[in-house]
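Structure assessment
The chain contents come next:
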Amino acid sequence: MPNRLVVVSNRVPPPPVEGAPWLAGGLVSALLPALEAADRALWFGWSGCEGDPHAPPTRVTARGVEYVTVDLSAEQVHGYYEEFCNRALWPALHGMLDRIADDAAASRGVYAEVNRRFGQALAPLLEPDDVVWVQDYHLIPLGAELRRLGWRGRVGYFHHTPVPAAAAWERMPDGAALASMFASYDLVGVQTERDARRLRSIVREPDVARRIAAYPISIEPERFRAFAACAGDEAPTEDGRLLFFGVDRLDYTKGIPQRIEAFGHALEAEPRMRDGACLVQWAAPSRTAIPEYQDERAAIETAAQHVQERFGAASLEVGYDSQPPAAVAAALARADVCVVTSVADGMNLVAKEFAAVHSADRPGVLVLSDSCGAAEELTDALIFPAGDVEAMSAALRRAYDMPEEERRERSARLRTVVDGHTAGDWLEEFVGDLESIEPRARPAAAAVVRADGDGEDEALRDRVEQRLGEFERDRTIERLWTHDYTLWKPEPDEITDRLGWLEVDRVMGRHVEDLRQFAADAGREGYTTVVLIGMGGSSLAPRVFASAFAGEAQGQRLIVLDSTVPAAVRSVEERVDPGRTLFIASSKSGATLETRALLDYFWERHPEGRHWVAITDAGSPLHTIGEERSFRRVFLNPADIGGRYSALSFVGLVPAALLGIDLERLLASAASMREACGTGVEARVNPGARLGAMLAEAALMGRDYLAVDAGPELAGFPAWLEQLIAESTGKDGGGILPLVGEAAAARHVDGPYARTYTVDARAIDTLTGSSYPVHAALRGDPYALGAEYFRWEFGVAVAGRVLGINPFDQPDVEAAKAATRLVLDAGLPAGEAAAPQDVLAHVGAEDYLALHAYLARDAEADARLTRARARLSERFGLPVTLEYGPSLLHSTGQYHKGGPRRGHFIQILDQETPPLEIPGRAYDFGELKNAQAEGDRRALEDLGLAVGRCTLDGIEEAL
């Protein structure tokens, strides 16, 4: 058993009174004995009472179990329990779609609200080593809620009701959202193998499906037999008739009217039964305020009246009083035949209780619907097709006529099954498996933002809360998930075909095994190094994976080449063994100038298709090249995913697989954040919506510089985030400028951007703090990157909604490309650029400086540029960005041209010698790099922006 087992159920039973006998039924029968036997246990849930939903939980300890309960308001009891749970989910889960009440589905918000209330009350009670076990459909969202609140321990879920077919689940209110929430659980248990197969087909994600298994619930047979002892040797009926007995909650899923009808048919077909048998049916009142249950009682009464009028009152007795478990046990022991006719049932413990109190010495016959989970185990019952009245009637007649020896044999085998797998076994198996699972990577989502500035910024906080309220009123989140392009622009161009990232973890989950096999094959064939050629979104996520998993993943070494600087190209060529290197050309369009030039260069040196892989869109020029040159693989990425939103597509996952990263674990992390940002989550607790509202509202207040620092273990993440934010928001004269690595410098300068937030990127749900920029500190398990990729993508998309821009296009990037082509095609020399001192002489108090280094990335260049950046920041009291070209043209280049016109730019270029030729081109790599710098200078100056140029030595001399 774990250090402490925490069981969560919709309702918690009253604690047993010390010294009193143990009396319980249903779920309590299965759970309580094991909880009392545990070293430490806590049972949490609704008290069953109406009261103040925000009052502190009530805590009582009895027999070593701590009972912790919360009250619900009258409105919550009605909306959550009576309406959504019992009138929408209950019939849907039993496959009875025609019984779903239309008005009940409208209470889905109360269902989410109560699950949040449970999570908020439970989370503070949890200890680090606790194992949390959530019970049943009332609480499906609770796992996601606990994850959102920061719980990283093991959480299991057990589904007590049956699982409908996938088609029925999809028609269930919020069915898709509920299915996605199973990803928050480390282990999901269901009653039968049939239910397990169905739920796996519903959730689809391979990682989640593997965590679904059958754990059939049972009873404690010895305890139940002790209840029945009071029956003694009493005859089943006083007149010697065979006693057919049914005991159920009064519920339309139990098939009680059909049972009574079938018994009448049996009496009609077999005259001997009219004097030789009687049926006693107990139907305990349940959910009596719900119309469907009132109708069910009327149906039972009508069916009973028909049988009694035809065959006499003695043939049938129906009772509607609730009976204590001991009385039920005694009645089951006295019965000759137990009749269980559920139309749909998860398990049906009555069937097991009947089997427990009968034996070869006191045989009984079990008549059992095949829809009951118990039918998978109790195969010696007389099993008939659910809902088939004639088949049911035939089974009742066979039970009446069954020879004594057959009764004894069947009863003995049924008892052996029940005694061989008890409630304690059920609990130990599930909890034991849950304990054995390694904790999965999850984003910690504790709601905290700490201020490095001078107090709380109430104005920003208020604006964010108001904006989140607006999201609720205009259904922003729901509309985003339904791909409503009007959230951003009146036309769908570059919006409706750019939202595939919303479901990317589901889509890519289907390719995990293929990617794993692809990486394994590469390893077996002796490849030790992977060179990825790509620009912008094609290179940034792979670079993040390489740095985040350095020393942890055990795959190939990954080198990312996203530069046309000759020294950078030569450096890669010198570091690889051609025969043991796999080259990946990655480009969405397949026509990116730099990628094509680098591909041609390395292909000339290694012209064997088996050494090459392409990642691109279907029909692109790169797709054609890959097919013509017989590349080892051509991965065709989903066309509806843009480059900067492609981290969890083939663009990121192919190199991740080769690095040896556990893709299932990474995608599970993304799935947990996807569900936290889903349509069933209110905006105020939706981490992506809150992030987007905060980014946008701060920018609208004039605080539009975002300082990002993720620490050395995730050194590549800020650069990925830089492109996502700058290229998505920097347009129409506005936007948010990320300052990668700027936080340390920004803290000590004076001026309007001196005060900073510290925002934990894993914990961004509550706003306290002072001013902008934001210091986003992503720390911890690198597998949390899956969640953070999704959170920031979602947040930036939401921010675009608030800022009134399309976050998925890049309208100003083409300007520099066109200017570069003009320079190359015309063979134009580099134009005259201003000296750095001339640019710096005109900076204003609200401006920013940008260093654009067209140099090879290495430790020396990084150190010298970082020092120059810090000196500029100290001297001018302004934010200073530092970016490498030409990759910056595919990243922040959009912001510099499309955003606010307050940037001042210094290009840093060193002379490249000797030349490095590009096959089939009239220019070499040095000339290409210079042309790209010149093209960008022209594009910026055409907008009235100042651009200077110097060498690395020159910028140091200027300072």
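Here the structure is shown first, and the text comes after it.
A quick note: this is a predicted structure, and the numbers were derived from the prediction, not measured. (Residues numbered from 1 in each chain as written. Predicted model: local features only at pLDDT ≥ 70, side-chain atom pairs only at ≥ 80, totals over all residues. Heavy atoms only, no water.)

**Some details on the packing of aromatic side chains**
Let me state the cut-off plainly: Here a pair means two rings of Phe, Tyr or Trp (six-membered ring of Trp) with centres within 6.5 Å. Their orientation is stacked below 30 degrees between planes, edge-to-face above 60, and tilted elsewhere. Look at NZ for Lys and CZ for Arg. If either is within 6 Å of the ring centre and within 35 degrees of the ring normal, a charge sits over the ring.
Going through the model one piece at a time under the given rule, you end up with 44 aromatic pairs. Taken together, the ring pairs in this structure connect Trp481, Trp488, Trp501, Tyr645, Phe790, Phe794 and Phe808 into an aromatic cluster. The residue whose ring lies beneath arginine 99 is tyrosine 252, and the NZ or CZ to ring-centre distance is 4.3 Å. Its guanidinium or amino end placed over the ring of tyrosine 320, arginine 297 lies 3.8 Å from that ring's centre, counting from NZ or CZ.

**What to know about the sheet that holds strand β4 (residues 65–72)**
Definition in use: A pair of strands is considered paired only if DSSP assigns at least 2 bridges between the two. The numbering of helices and of strands both runs from the N terminus, where a helix is a DSSP run of H or I of at least 4 residues and a strand a run of E of at least 2. Lines fitted to C-alpha atoms define the axes here, with helix axes fitted over just the stretch in contact, and angles between the N-to-C directions of these axes take values from 0 to 180 degrees. In this description, contact between two residues means that some pair of their heavy atoms is separated by no more than 4.5 Å.
The sheet built from eight strands is open, its strands ordered β3-β4-β2-β1-β5-β6-β7-β8 with mixed pairing. Two strands bound the open sheet, and with one partner strand each, they are β3 (58–62) and β8 (212–214). Sheet twist, expressed as the average angle between the axes of neighbouring strands with direction ignored, equals 25 degrees. As judged from the three bridges shared by strand β6 (residues 154–158) and strand β7 (residues 187–190), these two strands associate in the parallel manner. If you follow glycine 156 over to β7, its bridge partner there is leucine 187. Each of β7 and β8 touches helix α7 (residues 193–203); the most contacted strand, β8, lies at about 165 degrees to it.

**Describing the pairing of strand β26 (residues 880–884)**
The test is simple: Each residue is placed in one exposure class: buried if its accessible area under a 1.4 Å probe, protein chains only, is under 20% of its type's maximum, exposed if it is over 50%, and partly exposed if it falls in between. Throughout, right-handed denotes a crossover for which the path from the first strand over the helix to the second runs clockwise when the strands point away from the viewer.
Counting buried residues in β26 gives five out of five residues, a clear majority hidden from the surface. Neither face of β26 is left uncovered, since the one carrying Val880, Leu882 and Tyr884 and the one carrying Thr881 and Glu883 both have all their residues buried. Note that strand β25 (residues 848–854) and β26 share five bridges and pair parallel. Bridging across to β26, alanine 853 finds its partner in tyrosine 884. You can see the chain leave β25, run along helix α34 (residues 859–876) and come back into β26, and the turn it takes is right-handed.

**Notes on the pattern of salt bridges**
Let me state the cut-off plainly: Take a side-chain nitrogen of Lys or Arg and a carboxyl oxygen of Asp or Glu: if they are within 4 Å of each other, that pair is a salt bridge.
On inspection of all chains with the given rule, the structure shows 65 salt bridges. In this structure, glutamate 222 engages arginine 225 in a salt bridge whose closest nitrogen and oxygen atoms are separated by 2.9 Å. A residue pair is termed a helical-turn pair when its members lie 3 or 4 positions apart in one helix, as glutamate 222 and arginine 225 do in helix α9 (residues 221–228) at three residues. Accessibility expressed as a relative area gives 57% for glutamate 222, which makes it exposed. Glutamate 406 is the salt-bridge partner of arginine 410, the closest N and O atoms lying 2.9 Å from each other. A residue pair is termed a helical-turn pair when its members lie 3 or 4 positions apart in one helix, as arginine 410 and glutamate 406 do in helix α16 (residues 404–420) at four residues. Judged by relative accessible area, arginine 410 falls into the buried class, the value being 12%.

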